[in-house]
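Inside the fold
Now for the letters of each chain:
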Amino acid sequence: MTPSADPSRRARRPAWASRNYGLLTAAAFVTNLGSNGALIAAAFAVLEAGGDSGDVGLVAAARTLPLVVFLLIGGAVADRLPRHRVMVAANTLNCLSQGAFAVLVLTGEPRLWQMMLLTALGGTGHAFFSPAAEGMLLSSVSGEQAGRAFAVFRMAMQGAALGGAALGGAMVAAVGPGWVLAADAVAFAVAGSLRAFLDVSHIPAREPGGGMLADLRDGWREVARRPWLWGIVVQFSVANAVLGAADAVYGPLVAEDDLGGAAPWGVALGFFGAGTVVGALLMTRWKPHRLLFVGILCVFPMTLPSAALAVPVSVPLLCTAMFVAGATVEVFGVSWMTALHQEIPEDKLSRVSAYDWFGSVALMPLAAALAGPAESAFGRTAALWGCAGLIAAVTAAVLCVPDVRNLRRNTKQVAQATTTDSADAERPVGGLG
């Protein structure tokens, strides 16, 4: 809410649910509804075009490689330009690239290089969008209820993932992947339109900095001086890479060979989404004092989906494993956002988020590209057990970092806020940062 917001409107929503927060949540819901179905559709579009596991991995790598290349630049741009404009421009690029992908699939046999190029354009848009979006969200929330706000946001986002994955899998089976990709393009158009209405008129202009490299160095210093931050970024660099390979490459292949095709795999992904909704709902009430220690302990169940695919178990057991993994990792997700909100200065949020995203996706193109050769060299079962083992190993290692075990929730950070403060105002959020 801006300071001039109608008091009667303010009374109808919680104090932490600002106008910008509402728009961001609605846009994220729409985007995730389309994108989770499109991930399934892209994999099956490659398979229907005659591709194999290596081709699916190459298309997945083409999506994530631009993230590695452009994320840090995207973070610096988002801390320098109005974040909502960066988000809208990125959504426009995603809409156009997914629309072109859909046309190719619907009108003929798409070639591998075409699918890789279009998914790479989508990944480029994501590289600029993600740091801007995270910085905008973190700066739109204030008060001791920040953790609840992040939990509600993630519950909406993951609820869309639940519906999008299940609906996407069913649509791929019923009408083919092309129409699912087209629906994703429409979702990006709708989300971009919502984000265009974000109100930033009350946000003061940022002071000119010393250039792009200076901005990147400044963001790196914020990361490097916090062992808990870079330790967890390294952890998820490995965990996300192997989990991404399992979900994007091995999951569809196991579904095709042993589970009955796209629809059961979509249902399993939907159960993961259902788990994240339950986890987020839990976090609207639960406020663990040792934020990161509790969060990291809840990462261990991320090993369950890869292990279930390695066996492979029946569809009901796979769905159970996905549900548990989704619920517990959401505890980490909310705790992580709360820690960033508490510890990082507002004017560096997008740059720090960019380093976080960069670490999270840096190894994903390599892991996706190597998934096929690893399957050929070791077998699919051994490769999936390796994914589970690596996730467990890096999660145990990060618990050795004292700051991860000891960082406490700050319950005093915004008690001094006055009733005239805007929850949308971009300002330092307090904490050790």
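One numbering rule holds for all chains: residues counted from 1, following each sequence as written. Where totals are concerned, whole chains, interfaces and linings use all residues; where local detail is concerned, this predicted model gives features only for residues with pLDDT of at least 70, and gives and counts side-chain atom pairs only at 80 or more. By convention in this description, side-chain values take in all heavy atoms of the structure and omit both hydrogens and water.

All right, on to the overall build of the protein then. To qualify as a helix, a DSSP run of H or I must reach at least 4 residues; to qualify as a strand, a run of E must reach at least 2; elements of each kind are numbered from the N terminus. For the protein, the count of helices and strands is 17 helices and 0 strands. Considering only residue pairs separated by 6 or more positions, the protein has 90% of its internal contacts joining residues 24 or more positions apart. Shrake-Rupley sampling with a 1.4 Å probe provides the accessible areas, and residues are treated as covered by the protein chains on show and by no other component. By element, 67% of the accessible surface of the protein is carried by carbon and sulfur atoms, the whole surface being about 17100 Å². Note on contacts: a residue pair is in contact if any heavy atoms of the two residues lie within 4.5 Å.

As a rule of thumb, soluble globular proteins bury nonpolar side chains together. Trp 228, Leu 229, Ile 232 and Leu 318 are the most contacted members of the largest nonpolar core, which totals 103 residues. Other than its neighbours up to four places away in sequence, Leu 318 contacts Leu 259, Trp 265, Ala 268, Pro 305, Ala 308, Leu 309 and Val 313. The definition of a nonpolar core used throughout is a set of buried Ala, Val, Leu, Ile, Met, Phe, Trp, Tyr and Cys residues joined through side-chain atoms within 4.5 Å. Classification of residues uses two cut-offs on accessible area relative to the type maximum, computed with a 1.4 Å probe and protein chains only: under 20% is buried, over 50% is exposed, and between them is partly exposed. Membership of the second largest hydrophobic core comes to 6 residues, among which are Ala 151, Met 283, Val 294 and Val 334.

As a further point, take empty space enclosed by the protein. To find leftover empty space, one rolls a probe the size of a water molecule over the atoms. The rule is simple: put a 1 Å grid over the protein atoms alone, call a set of points where a 1.4 Å probe fits but cannot get out a cavity, call an open set with protein on both sides within 12 Å along at least five of seven lines a pocket, and count a residue as lining if it has an atom within 4 Å of a point. Grid points are joined across faces, edges and corners, and a volume is the space filled by probe spheres set on the points. Scanning all chains against the criterion turns up 2 cavities of 30 Å³ or more. Roughly 30 Å³ of internal volume is contained in the second largest cavity. Among the elements that take part in the lining of the second largest cavity, helix α13 (residues 315–343) stands out by supplying 3 residues, more than any other. Put simply, Ala, Val, Leu, Ile, Met, Phe, Trp, Tyr, Cys and Pro go in the nonpolar bin, Asp, Glu, Lys and Arg in the charged bin, and everything else, Gly too, in the polar bin. A per-class count over the lining of the second largest cavity returns 4 nonpolar, 3 polar and 2 charged.

Val 311 connects to Pro 312 through a cis peptide bond whose omega is -20°. Structurally, the position occupied by Pro 312 is in the loop between α12 (303–310) and α13.

To continue, consider α12. Of all 8 residues in α12, 7 are buried; the element is thus mostly enclosed. Burial in α12 covers these residues: Thr 303, Pro 305, Ser 306, Ala 307, Ala 308, Leu 309 and Ala 310. For α12, the secondary structure elements touched by its buried residues are α9 (227–259), α10 (262–283), α13 and α16 (380–398).

Roughly 270 Å³ of volume is contained in the second largest pocket. Listing elements by their share of the lining of the second largest pocket, those giving two or more residues are α9, α15 (364–378) and α16. Among the elements that take part in the lining of the second largest pocket, α15 stands out by supplying 6 residues, more than any other. Split into classes, the residues belonging to the lining of the second largest pocket amount to 16 nonpolar, 1 polar and no charged.

Here the focus is the pattern of salt bridges. Each reported salt bridge corresponds to a side-chain nitrogen of Lys or Arg within 4 Å of a carboxyl oxygen of Asp or Glu. Enumeration according to the criterion identifies 5 salt bridges in this entry. One salt-bridge network, in which partners are shared between bridges, spans Glu 222, Arg 225 and Arg 226.

To continue, consider the side chain of Gln 235. Looking at the secondary structure, you find Gln 235 in helix α9. You can call Gln 235 buried: its relative accessible area is 2%. Separated by 3.2 Å, the side chains of Gln 235 and Thr 395 make a polar contact. Each residue touching Gln 235, except ones within four places of it in the same chain, is listed here: Ile 296, Val 299, Val 394, Thr 395 and Val 398. Here a polar contact is recorded for every N or O atom pair within 3.5 Å, except that within protein the pair must consist of a potential hydrogen donor and a potential acceptor, and residues adjacent in sequence are included only if both atoms are side-chain atoms.

This part takes up the confidence of the model for the protein. Detailed reading of predicted coordinates is not advised where the pLDDT is low. The pLDDT averaged across the protein works out to 80; a share of 87% of its residues lies at or above 70. What pLDDT conveys is the predictor's confidence in a given residue, as a value from 0 to 100. By mean pLDDT, the top-scoring element of the protein is helix α11 (residues 291–297) (92), and the lowest-scoring one is helix α1 (residues 7–11) (47). pLDDT under 50 marks residues 1–11. Its contacts with residues more than four places away, or in other chains, come to 18 contacts.

A few words on the side chain of Ser 360. In this fold, Ser 360 is placed in helix α14 (residues 349–361). At 2.9 Å, the side chain of Ser 360 forms a polar contact with the backbone oxygen of Asp 356.

Centre distance within 6.5 Å is the pairing criterion for rings of Phe, Tyr and Trp, where only the six-membered ring of Trp is used; planes under 30 degrees apart are then read as stacked, over 60 as edge-to-face, and the remainder as tilted. The full count for this structure, using the stated rule, is 5 aromatic pairs. Between Trp 220 and Tyr 355, the aromatic rings sit 5.6 Å apart at their centres with planes inclined by 50°, giving tilted as the arrangement. Linking Trp 220 in helix α8 (residues 212–224) with Tyr 355 in helix α14, this pair joins segments that are 135 residues apart in sequence. Trp 220 sits in the partly exposed class, given a relative accessible area of 44%. Following the ring pairs from residue to residue traces out a cluster consisting of Trp 228, Phe 236, Phe 332 and Trp 336.

Turning to the environment of Gly 135, a few remarks are in order. Looking at the element boundaries, Gly 135 is found in helix α5 (residues 112–139). Residue Gly 135 is classed as buried on the basis of its relative accessible area of 0%. The spatial distance from the C-alpha of Gly 135 to the C-alpha of Asp 79 is 8.2 Å, given a sequence separation of 56 residues. If sequence neighbours within four positions are ignored, Gly 135 has contacts with Arg 83, Leu 349 and Ser 350.

A separate point is the environment of Val 278. In this fold, Val 278 is placed in helix α10. Here the alpha-carbon distance between Val 278 and Val 324, two residues 46 residues apart in the chain, equals 9.6 Å.

Turning our attention to α5. For α5, built from 28 residues, the straight-helix expectation of 40 Å at 1.5 Å per residue is met to within 8% by its first-to-last C-alpha distance of 40 Å. A maximum bend of about 30° is found in α5 at Phe 129, where proline Pro 131 lies one to four positions downstream. A large share of α5 lies buried, amounting to 21 of its 28 residues. Multiplying one less than the number of residues by 1.5 Å gives the expected span of a helix. To get the bend at a given residue, fit one axis to the seven residues ending there, fit another to the seven starting there, and take the angle between those axes.

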